[in-house]
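# Structural characterization, general
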Amino acid sequence: MRIGIVCYPTFGGSGVLATELGKALAEKGHQVHFITYQQPVRLIEFNANIFYHEVRVATYPLFEYPPYETALSSTMVDVINNHQLDLLHVHYAIPHASAAYMAKKIVATRGKNIPVITTLHGTDITLVGRDKTLAPVVAFSINESDAITAVSQNLRDETYKIFEIKKEIEVIYNFVDVSRFHKRPIDAFQKVIAPNGERILVHASNFRKIKRVLDVVRIFAEINKKIPSKLLFVGDGPERPDTENLCRELNLCDDIRFVGKQEQIEEILAVADLFILPSEYESFGLAALEAMAAGVPLISSDAGGLPEINVNGKTGYMSPVGDVTSMSHNAISILSDDGILKTFKHNAAEQAKKFDIHQIVPQYEQLYDRFLNAPHLLSHFSGSKR
Ligand code: GMT
């Protein structure tokens, strides 16, 4: 199959997932064409089946705002026509679903039908997507997609609540390549981070408000009073300065490190004992799943789709959003006993296997197959009323 994948090229979960999907499809012999404005961060190895098409946006003194969406549609049309794509799979509705709708209409004028699959990832629905400056276009372009998938049951339910969606939204969970995260810890690295054998805690995110990064510091402060420990912050973003200030205020600078954006997150997770994700909302929590795949238990909020991956009392614990006391108490209960920690680590790794790449990627292939083998059945499958 020749598949166009449209995504954000950044460290965010939707871009990571889309890139890993494209790589897995290419490994399976499909031809994959990434269409985005920059080389995706996880697209580092060469594969003869992978193509990358950069979206270039024209500049002109008249343009106060560069017309990215128009440039994206034009690039899609170019790639569809010149590489005979069979379908477009767009990740994150804004502006990818509406740009794909435009491309679909353009190639239709030359008699080409290009199915568009839209995968919803979270904030495209629950946060930015519902803003009234975007909502009508988001709802329209989702409804115009030939198939819609959501990365969790929670996101599917939220989408129906927020928008008037007339089609079936299928849940295809996010996935992780469990084998990639099955790493032996690097001794030297562990010694640098925790020279006296302290427990190592990790938080990884884009440091946006929704992640409640300050809660991570407060939770860590409580843990650190009882258990010698170190905290690694992976990633970067708008909340970083306030987070650093709070570390200073609480006099925790010696025990907290900001390691920035990391491509080889598996090396860090290999030395970790606990992952903390107290988010206000998380449609799924791909960063947490990657941690679990590395055998790292999870202290999280119970928001959004997190209960679909974190099994309370088994793979970690969940608490209400903002309940720092409960989260630190639960973390201490896991970290204070080697035997308990070992059991939680084992359970986390076992749970991650349910979301292994080999379980989930075939679900996308089956979805694609429906379009190639029986395009006339599509409206029946999708539940479309038109
Ligand atoms: O907020 C982020 O973590 C980035 C965002 C994105 O679009 O890249 O992540 C969303 O998509 C991920 C992949 O499907 C999910 O694992 C995240 O839970 C989701 N983020 C939110 O819902 C806040």
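Basis of the calculations
Residues numbered from 1 in each chain as written. Predicted model: local features only at pLDDT ≥ 70, side-chain atom pairs only at ≥ 80, totals over all residues. Heavy atoms only, no water. 1 Å grid on protein atoms, 1.4 Å probe; cavity = no way out; pocket = protein on both sides within 12 Å on 5 of 7 lines; lining within 4 Å. Points joined across faces, edges and corners; volume = space filled by probe spheres on them. Helix = DSSP H or I, 4+ residues; strand = E, 2+ residues; numbered from the N terminus. Nonpolar A, V, L, I, M, F, W, Y, C, P; charged D, E, K, R; others polar. Domains from an automatic or database assignment. Contact = heavy atoms within 4.5 Å. Buried area = accessible area lost by both parts, 1.4 Å probe. Salt bridge = Lys/Arg side-chain N within 4 Å of Asp/Glu carboxyl O. Buried < 20%, exposed > 50% of the residue type's maximum accessible area, 1.4 Å probe, protein only. Expected span 1.5 Å × (residues − 1). Arc of directions from axis to C-beta. Polar contact = N/O pair within 3.5 Å; in protein donor to acceptor, adjacent residues only side chain to side chain. Pairing = 2+ DSSP bridges. Axes fitted to C-alpha atoms, helices over the stretch in contact; angles between N-to-C directions. Near = heavy atom within 4 Å. Sits in = over half its atoms within 2 Å of the grid points. Parallel < 35°, antiparallel > 145°, perpendicular 65-115°, else oblique. Left-handed = near helix turned anticlockwise from the far one by under 90°.

### Quick word on the layout of surface pockets
- By volume, the largest pocket amounts to about 1,200 Å³.
- F11, G12, G13, N206 and K211 are the residues nearest the centre of the largest pocket, which is lined by 44 residues in total.
- If you tally residues by element for the lining of the largest pocket, the top one is helix α1 (residues 13–27), at four residues.
- Looking at the lining of the largest pocket residue by residue, the class counts come to 19 nonpolar, 16 polar and nine charged.
- Residue assignment places the lining of the largest pocket across two domains, with domain 1 (2–175 + 356–377) and domain 2 (178–354) each supplying three or more.
- There is about 420 Å³ of room inside the second largest pocket.
- H182, K183, A294, G295 and K345 are, among the 20 residues lining the second largest pocket, the residues nearest its centre.
- Considering every element that reaches the lining of the second largest pocket, the biggest residue donor is helix α13 (residues 338–353), with five residues.

### Concerning the domain arrangement of the protein
- In terms of domain boundaries, the protein breaks down into domain 1 (2–175 + 356–377) and domain 2 (178–354).
- Averaged C-alpha coordinates put domain 1 and domain 2 at centres separated by 30 Å.
- Taken together, the contact pairs 25 residues of domain 1 with 20 residues of domain 2.
- With both sides pooled, the region where domain 1 packs onto domain 2 buries about 1,600 Å², and carbon together with sulfur makes up 55% of that total.

### Section: the pattern of salt bridges
- Applying the stated criterion across every chain, the model contains 26 salt bridges.
- Between R180 and E20 there is a salt bridge, with its nearest N and O atoms 3.1 Å apart. In this pair, R180 sits in the loop between β7 (169–171) and α7 (187–193) while E20 sits in helix α1, placing the two residues 160 residues apart along the sequence. The same class applies to R180 as to E20, namely buried.
- Counted as one network, the salt bridges with shared partners bring together E20, K23, R42, E45, R180, E266 and E290.

### What about α13?
- When the terminal C-alpha atoms of α13 are compared, their 23 Å separation across 16 residues agrees well with the 22 Å that a helix rising 1.5 Å per residue should span.
- Within the sequence span of α13, burial applies to L341, F344, N347, A348, Q351 and A352. For α13, the angular spread of the buried residues around the axis is 135°, confining them to a single face. Looking at α13, the residues exposed on the side facing more than 90 degrees away from the buried face are D338 and K342.
- Those residues of α13 that are buried lie in contact with β8 (199–204), α11 (286–293), β13 (316–319) and α12 (324–335).
- Residue D337 occupies the N-cap position of α13, its side-chain oxygen lying 2.8 Å from the main-chain nitrogen of G339.

### Observations regarding the sheet that holds strand β3 (residues 50–54)
- If you trace the seven strands from one edge of the open sheet to the other, you get β3-β2-β1-β4-β5-β6-β7, paired in parallel fashion. At either margin of the open sheet sits one strand with a lone partner, and together these are β3 and β7. Shown here is a sheet whose adjacent strand axes are inclined to one another by a mean of 25°, direction ignored.
- Relative to strand β6 (residues 147–150), strand β5 (residues 116–120) is paired through four bridges, and the arrangement is parallel. Of the residues in β6, the one forming a bridge with T118 is I148.
- Relative to the sheet, helix α2 (residues 68–83) contacts β1 (2–6), β2 (31–36), β3 and β4 (87–91), its axis offset from that of β2 by approximately 160°.

### Some remarks on the site of the ligand
- Taken together, 18 residues are adjacent to the ligand, and S14, H121, N174, K211 and E282 come closest.
- Side-chain polar atom of N206 to an oxygen atom of the ligand: 3.3 Å apart, as the coordinates give it.
- One nitrogen or oxygen atom from the main chain of L286 is found 2.9 Å from an oxygen atom belonging to the ligand.
- In this structure the site holding the ligand corresponds to the largest pocket.
- Grouping the constituent residues of the shell around the ligand by class yields six nonpolar, 10 polar and two charged.
- When residues of the shell around the ligand are assigned to domains, at least three fall in each of domain 1 (2–175 + 356–377) and domain 2 (178–354).

### Observations concerning the packing of helix α8 (residues 213–226) against helix α9 (residues 240–249)
- Where α8 contacts α9, the axes come no closer than 9 Å and their chain directions differ by 20°. Between α8 and α9, the interaxial angle falls into the category roughly parallel. As for how α8 packs across α9, the hand of that crossing is right-handed. Of the residues in α9, those touching α8 at V213, L214, V217 and R218 are D242, T243, L246 and C247.
- Residue composition of the contact of α8 with α9, by class: five nonpolar, one polar and two charged.

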